[in-house]
Amino acid sequence: MTMDRNRQHEAVMNTAGNLGSSAAPLERDREFGYTRADFNEVRELIYARAGIRLNDSKHEMVYSRLTRRLRALGLADFGGYLALLRHEDHPEWENFVNALTTNLTAFFREPHHFPVLAEHLRGLRHGSTATLWSAAASTGEEAYSMAMIACEAYETLWPPVKILASDLDSQVLQRASEAIYARELVHDLSPERLRRFFLSGSGAREGFVKVRPELRALVTFTKHNLRDDNWDLRESFDCIFCRNVMIYFDKPTQYQVLTRIARVLKPQGLLFAGHSESYFHAADLFQPYGRTVYRHA
């Protein structure tokens, strides 16, 4: 009898543990209450708003990035925070998306793309203005790299080029617009490019560089969500850099975004993808043109 009762007790405890697993905290000693259900709701919300799919390995990243917002708002747990986001027009949505958007970039990242861009610009019709789009601009390094290539291709600081740089994260766009970078972020650039395209800071700005006004004038920064059904873009583009953002989308979402990109890319225009991205599932839209470079099918 004693053994049977012990087994019954263990069975009840195991059942209770299983039933409570969806609501139990991921860890007991957290500063803020955070359950598996909270994490799942975060995943649903960021996917619905930004198309970003978070797998199970991201639960710690979600906690660490959003706790700053809970502190700022004086909330005790994730349940209270998520209650705010259930209102689609709540101002906290912008902070929520900003916190979960990954922004990793560098000047001339994936350098094999830039000679292709330079060659394409030199082959465009003289007298026309080339239009370029950095579709996941982050803190601006990609857009300014494109601008430097344009200056070099046309051999002038005032090339006939307009660059649109967009991102979902308004905070990184503000930093990009300021065009100020720590010197270590440009240490891989050649002395010639540093001299031609940057100003060195002094005094309180020592250790920083600033993009020259001529280069800054080539770039317009704006907030844009690639998942939006209607893109408020008033022109088509000769080249579009949309790199290392599609990896956060599932295949159906990728195809939707690529369909919209195809509509705003000129017939002979080029689409530059990230090193781990391939668009074979969109072969009706784009065909390979080089290493992670695509052209209209």
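This text goes with the structure placed above it.
Just so we're clear, the structure is a prediction, and the values are computed from it rather than from any experiment.

Asks: What is the right way to read unusual backbone geometry from this model?
Replies: If a residue is not glycine, its phi is most likely negative; likewise, a peptide bond is most likely trans. The phi dihedral of E110 falls on the positive side, at around 55°, and the residue is not glycine. Mapped onto the fold, E110 is located in the loop between helix 5 (92-100) and helix 6 (113-122). Here E155, not a glycine, exhibits a phi torsion of approximately 55°, which is positive. For E155, the position within the fold is in the loop between helix 7 (141-154) and strand 2 (161-167). On the accessibility criterion, E155 (70% relative accessible area) is exposed.

Asks: Would you take a moment to explain the pairing of strand 8 (residues 265-272) for this structure?
Replies: For a regular strand, side chains alternate in direction, first toward one face of the sheet and then toward the other. In terms of strand pairing, strand 7 (residues 237-241) meets strand 8 through four bridges, oriented parallel. Across the sheet, the residue bridging to C239 is L270, located in strand 8. Pairing of strand 8 with strand 10 (residues 293-296) involves three bridges; the strand directions are antiparallel. In the strand pairing of strand 10, L270 is matched with R295.

Asks: Explain the pairing of strand 9 (residues 286-290) here, please?
Replies: Taken together, the four bridges between strand 9 and strand 10 define a ladder with antiparallel strand orientation. The partner of P288 across the bridge, within strand 10, is Y294. The turn linking strand 9 back onto strand 10 is made up of two residues, and T292 within it adopts a positive phi angle of 50°.

Asks: Would you explain the packing of aromatic side chains in this entry?
Replies: Centre-to-centre distance and the angle between the planes together describe a pair of aromatic rings. All told, the structure shown has 15 aromatic pairs when counted by the stated rule. Geometrically, the ring pair formed by F107 and Y181 is edge-to-face, given 5.1 Å between the ring centres and 75° between the ring planes. Pair noted here: F107 is in the loop between helix 5 and helix 6 and Y181 is in strand 3 (residues 180-182), with a separation of 74 residues, a long-range link. With a relative accessible area of 9%, F107 lands in the buried category. Connected via pairs of aromatic rings, a cluster forms that spans F107, Y144, Y181, F198 and F221. The ring of Y63 has R30 sitting right over it, with the charged end atom 4.3 Å from the ring centre. Sitting above the plane of the Y47 ring, R227 keeps its charged end 5.7 Å from the centroid.

Asks: It is not clear to me how the side chain of D250 should be interpreted in this structure. Could you clarify?
Replies: Within the secondary structure layout, D250 lies in the loop between strand 7 and helix 11 (251-264). Assessed through its relative accessible area of 15%, D250 is described here as buried. There is a polar contact of 2.6 Å between the side chain of D250 and the side chain of Y47. A polar contact is formed between the side chain of D250 and the side chain of T253, at a distance of 2.6 Å. In this structure D250 touches Y47 and R53, once residues within four positions along its chain are discounted.

Asks: Explain the side chain of R243 here, please?
Replies: Counting through the fold element by element, R243 comes out in the loop between strand 7 and helix 11. Looking at R243, the relative accessible area reads 6%, which means it is buried.

Asks: I tried to follow the sheet that holds strand 10 on my own but got confused; where do I start?
Replies: In space, the seven strands of this open sheet follow the order 6-2-1-7-8-10-9, with mixed pairing throughout. Each end of this open sheet is capped by a strand with a single partner; those strands are strand 6 (219-223) and strand 9. Within the sheet, the average angular offset between the axes of one strand and its neighbour, ignoring direction, is 25°. Note that strand 1 (residues 130-134) and strand 7 share three bridges and pair parallel. Directly across from L132, in strand 7, lies its bridge partner C239. Helix 8 (residues 170-178) rests against strand 2 and strand 6 of the sheet, and its axis sits at about 165° to strand 6.

Reading guide: rules and limits
Residues numbered from 1 in each chain as written. Predicted model: local features only at pLDDT ≥ 70, side-chain atom pairs only at ≥ 80, totals over all residues. Heavy atoms only, no water. Helix = DSSP H or I, 4+ residues; strand = E, 2+ residues; numbered from the N terminus. Buried < 20%, exposed > 50% of the residue type's maximum accessible area, 1.4 Å probe, protein only. Pairing = 2+ DSSP bridges. Phe/Tyr/Trp six-rings, centres within 6.5 Å; stacked < 30°, edge-to-face > 60°. Lys NZ or Arg CZ within 6 Å of the ring centre and 35° of its normal. Polar contact = N/O pair within 3.5 Å; in protein donor to acceptor, adjacent residues only side chain to side chain. Contact = heavy atoms within 4.5 Å. Axes fitted to C-alpha atoms, helices over the stretch in contact; angles between N-to-C directions.

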